[in-house]
Amino acid sequence: MQEKSKAGDISRRNFIKGLGSGVIGTTVAITTLPVIAADKKEPNEMATSGKVALALKVNGQAVQVVIEPRTTLAELLREHLNLTGTKIVCDHGECGGCTVLLNGQAVYSCHLLALDAAGKEVVTIEGLLQGEKLHPIQEAFIEHDGLQCGFCTPGQILAAQALLLKHPKPSQEQVKEGMAGNLCRCAAYPNILKSVLAAAEKSK
Ligand code: FES
Ligand code: FES
């Protein structure tokens, strides 16, 4: 598509850049997580409610919650901690849209019980922001148009982060393999590949 250049017009690149900043950036605005105390319930009251206490670290902060045992990690993040940058797409462990880091490994948060994260460290897309600054992977996705609708993007970025933690200088094949668990319905794969390789270059 040809870019518009008249004053007041919005070029496709700038529009996508703005969209990207929104998708990638607004979801990282929350810096303080609520420490949800155990609903202030007494232990026997908790037993009758069927709920359980859970303590974990999310984006560097200690979090305590009381949840139903069946709560998935994705539900905990979105519904209890208001970290809605983590997307639930298929909700069946098939698309990677809900990818977060658990102790540095990429996991499908829709397919994991929150209780499995007890005592562990979770990083979501919100946790990649460095102060007011986007993470180099987030910047690379914006610079290389690594997104279209942006719905899969938080998961793609977390998968890229897990990959680059393991392989700081990945080959093209390693990127393809490392990102294979993250589907993109907009088929932005060529630019996602470019974005991850560029992020690796930036981090050198
Ligand atoms: S939403 Fe979790 S894998 Fe698709
Ligand atoms: S950018 Fe739309 S689903 Fe990936």
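In short, a report on the structure.

Residues Ile137, Met179, Ile192 and Val196 are the most contacted members of the largest nonpolar core, which totals 25 residues. Elements with a minimum of two residues in this core: helix H4 (136-143), helix H5 (153-166) and helix H7 (189-202). Residue contributions to this core peak at seven residues, all from H5. Grouped together as the second largest cluster of nonpolar side chains are 18 residues, Val63, Leu76, Leu81 and Ala117 included.

With their axes 8 Å apart at the nearest point, H4 and H7 run at an angle of 135° to one another. Put simply, H4 runs oblique to H7. For H4 against H7, the interelement crossing comes out right-handed. Seen from H4, the contacting residues are Pro136, Ile137, Glu139, Ala140, Phe141 and Glu143; seen from H7, they are Ile192, Ser195, Val196, Ala198, Ala199 and Lys202.

Strand order in the open sheet formed by five strands is S2-S1-S5-S3-S4, with mixed pairing between adjacent strands. Of all the strands in the sheet, the pair left with one neighbour each is strand S2 (61-67) and strand S4 (105-108). Neighbour-to-neighbour, the strand axes of the sheet open up by a mean angle of 40°, direction not taken into account. Summarising the sheet, strand S1 (residues 52-58) and strand S5 (residues 121-123) pair through two bridges and their orientation is parallel. By the bridge assignment for S5, valine 58 is matched with valine 122. Its contacts with the sheet put helix H3 (residues 73-80) on S1, S2, strand S3 (99-102) and S5, and the angle it makes with S2 is roughly 100°. Packed onto the sheet, H5 meets S3, S4 and S5 and runs at close to 35° relative to S3.

Procedures and definitions
- Residues numbered from 1 in each chain as written.
- Chains lettered and ligands numbered in written order.
- Predicted model: local features only at pLDDT ≥ 70, side-chain atom pairs only at ≥ 80, totals over all residues.
- Heavy atoms only, no water.
- Core = buried A, V, L, I, M, F, W, Y, C linked by side-chain atoms within 4.5 Å.
- Buried < 20%, exposed > 50% of the residue type's maximum accessible area, 1.4 Å probe, protein only.
- Helix = DSSP H or I, 4+ residues; strand = E, 2+ residues; numbered from the N terminus.
- Axes fitted to C-alpha atoms, helices over the stretch in contact; angles between N-to-C directions.
- Parallel < 35°, antiparallel > 145°, perpendicular 65-115°, else oblique.
- Left-handed = near helix turned anticlockwise from the far one by under 90°.
- Contact = heavy atoms within 4.5 Å.
- Pairing = 2+ DSSP bridges.

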